[in-house]
Amino acid sequence: MRVIRLVKTVDIVKKNIDLTSNIPLKEAIYLALRKTIVLGEISAGERINEMEFSESFNISRTPIRYALQRLLDEKLVMHQKGIGTIVKGISIKDAYEIYDIRKALDTLATVKAMELMTEEDLVEMEKLLEYGDKLNEENRVDELLDNFSDFNSFIYEKSEMLRLKSIVTKLQTYLVYFRDIAIRSSDRRDDAMAEHWLIYRGIKNKDIEQITLITHEHLDRSLRFIVKEMEEREIAYGEK
């Protein structure tokens, strides 16, 4: 197991912490740690030590413990006896598993949304896509990331399948990670926007075959892109 100097890990997390937003310190530390892990900036196998983080941030261990427990619940870290908290991270195996799940759930949600959406819903969805095009053209990437999330959330909301939405929510940590990798690339971003428009047209035309085909192609292309990026970033510590 490879463990780098802890001070380097702390410095990376400090770079990702946002103390400007009006959220509790423990939440800010949790979000910074999660971002650092999911972006692969702390590799699997590295240790996170409560005392060192507490001293570096000049705070008690309580918010650090809160953050680590949240990460433990999300399976991004694990506790190893005699060592402490170890980064587990996200593997390529995780990517394949999550995308297989997404294919099934996204297709089901989109077909159900198609059956229930009104003309007013279609107008709202079209406006959401038009705004996404504008953000993409202006290279406003962070806002476009939110727009992509809004698009997916809109479909799940209109499907009126609350249990399905609950399952997807549990995968949110992984989805944010994969979305961040894919959409920050201009090439994948353009393709993903075009695929969203095709999904919209499939819904508008009530074409289940088109919805299924495009949803699967959309996710397959995203997965291929993400696996390639993970391999290049050497985040390939899982089995394919």
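Residues numbered from 1 in each chain as written. Predicted model: local features only at pLDDT ≥ 70, side-chain atom pairs only at ≥ 80, totals over all residues. Heavy atoms only, no water.

Peer 1: What is the right way to read the pattern of salt bridges from this model?
Peer 2: For side chains of opposite charge, pairing can occur when their charged atoms come near one another. Inspection of the entire model under this criterion finds 14 salt bridges. Note that K15 is salt-bridged to E41, the shortest N-O span being 3.6 Å. With K15 in helix α1 (residues 6–16) and E41 in the loop between α2 (25–38) and β1 (47–48), the pair connects residues that are 26 residues apart, well separated along the chain. We note a salt bridge from E138 to R140, for which the minimum N-O separation is 2.5 Å. A relative accessible area of 26% means that R140 is categorised as partly exposed. (Salt bridge = Lys/Arg side-chain N within 4 Å of Asp/Glu carboxyl O. Helix = DSSP H or I, 4+ residues; strand = E, 2+ residues; numbered from the N terminus. Buried < 20%, exposed > 50% of the residue type's maximum accessible area, 1.4 Å probe, protein only.)

Peer 1: What is the right way to read the nonpolar core from this model?
Peer 2: Soluble globular proteins tend to bury their nonpolar side chains together. Among the nonpolar cores identified, the biggest contains 70 residues, and L33, F178 and M230 are the most heavily contacted of them. If one sorts the elements of this core by residue count, helix α5 (residues 92–116) sits on top with nine residues. When near neighbours in sequence (up to four residues on either side) are disregarded, L33 contacts V13, I48, F53, A67, L68 and L71. (Core = buried A, V, L, I, M, F, W, Y, C linked by side-chain atoms within 4.5 Å. Contact = heavy atoms within 4.5 Å.)

Peer 1: Before we go on, may I ask you to explain the packing of aromatic side chains in this structure?
Peer 2: Both the distance between ring centres and the angle between the ring planes are used here to describe each pair of aromatic rings. Scanning all chains against the criterion turns up three aromatic pairs. Between F53 and F57, the aromatic rings sit 6.1 Å apart at their centres with planes inclined by 20 degrees, giving stacked as the arrangement. One end of the pair is F53 and the other is F57, both in helix α3 (residues 50–57) and four residues apart, which spans about a single turn. Each member of the pair, F53 together with F57, is buried. Centroid distance Y99 to F178: 5.6 Å. Interplanar angle 55 degrees. Geometry classified as tilted. With Y99 in helix α5 and F178 in helix α9 (residues 172–183), this pair connects stretches of sequence that are 79 residues apart. (Phe/Tyr/Trp six-rings, centres within 6.5 Å; stacked < 30°, edge-to-face > 60°.)

Peer 1: I tried to follow the packing of helix α7 (residues 141–159) against helix α10 (residues 186–204) on my own but got confused; where do I start?
Peer 2: Between two packed helices, both the angle of their axes relative to each other and the distance between the axes serve to describe the pair. Interaxial distance between α7 and α10 falls to 12 Å at its minimum, and their mutual angle equals 25 degrees. Classed by the angle they form, the pair α7 and α10 counts as roughly parallel. For the pair α7 and α10, the sense of crossing is left-handed. Of α10, the residues touching α7 (which contributes V141, L144, F148, F151, N152 and I155) are R189, A192, M193, H196 and I199. Grouping the amino acids of the contact of α7 with α10 by side-chain chemistry returns eight nonpolar, two polar and one charged. (Axes fitted to C-alpha atoms, helices over the stretch in contact; angles between N-to-C directions. Parallel < 35°, antiparallel > 145°, perpendicular 65-115°, else oblique. Left-handed = near helix turned anticlockwise from the far one by under 90°. Nonpolar A, V, L, I, M, F, W, Y, C, P; charged D, E, K, R; others polar.)

Peer 1: What is the right way to read helix α11 (residues 208–232) from this model?
Peer 2: The periodicity of an α-helix, 3.6 residues per turn, causes residues three or four positions apart to be oriented the same way. An ideal rise of 1.5 Å per residue puts 36 Å on 25 residues; α11 measures up with 36 Å between its terminal C-alpha atoms. Taken together, the buried positions of α11 are I211, I214, T215, H218, L219, S222, L223, F225, I226, V227, E229 and M230. Where α11 begins, the side chain of D207 points an oxygen toward the backbone nitrogen of E209, at a separation of 3.2 Å. (Expected span 1.5 Å × (residues − 1). Polar contact = N/O pair within 3.5 Å; in protein donor to acceptor, adjacent residues only side chain to side chain.)

Peer 1: Is there a simple way to think about the pairing of strand β3 (residues 84–87) in this case?
Peer 2: Regular strands have side chains that alternate between both faces of the sheet. Judged from the two bridges that link them, β1 and β3 form a sheet pairing that is antiparallel. In the strand pairing of β3, I48 is matched with T85. Inspection of the sheet shows strand β2 (residues 77–80) paired to β3 by four bridges, in the antiparallel sense. For V77, the partnering residue across the bridge sits in β3 and is V87. Between β2 and β3, which pair antiparallel one after the other, the connecting turn spans three residues, and G82 there sits at a positive phi close to 85 degrees. (Pairing = 2+ DSSP bridges.)

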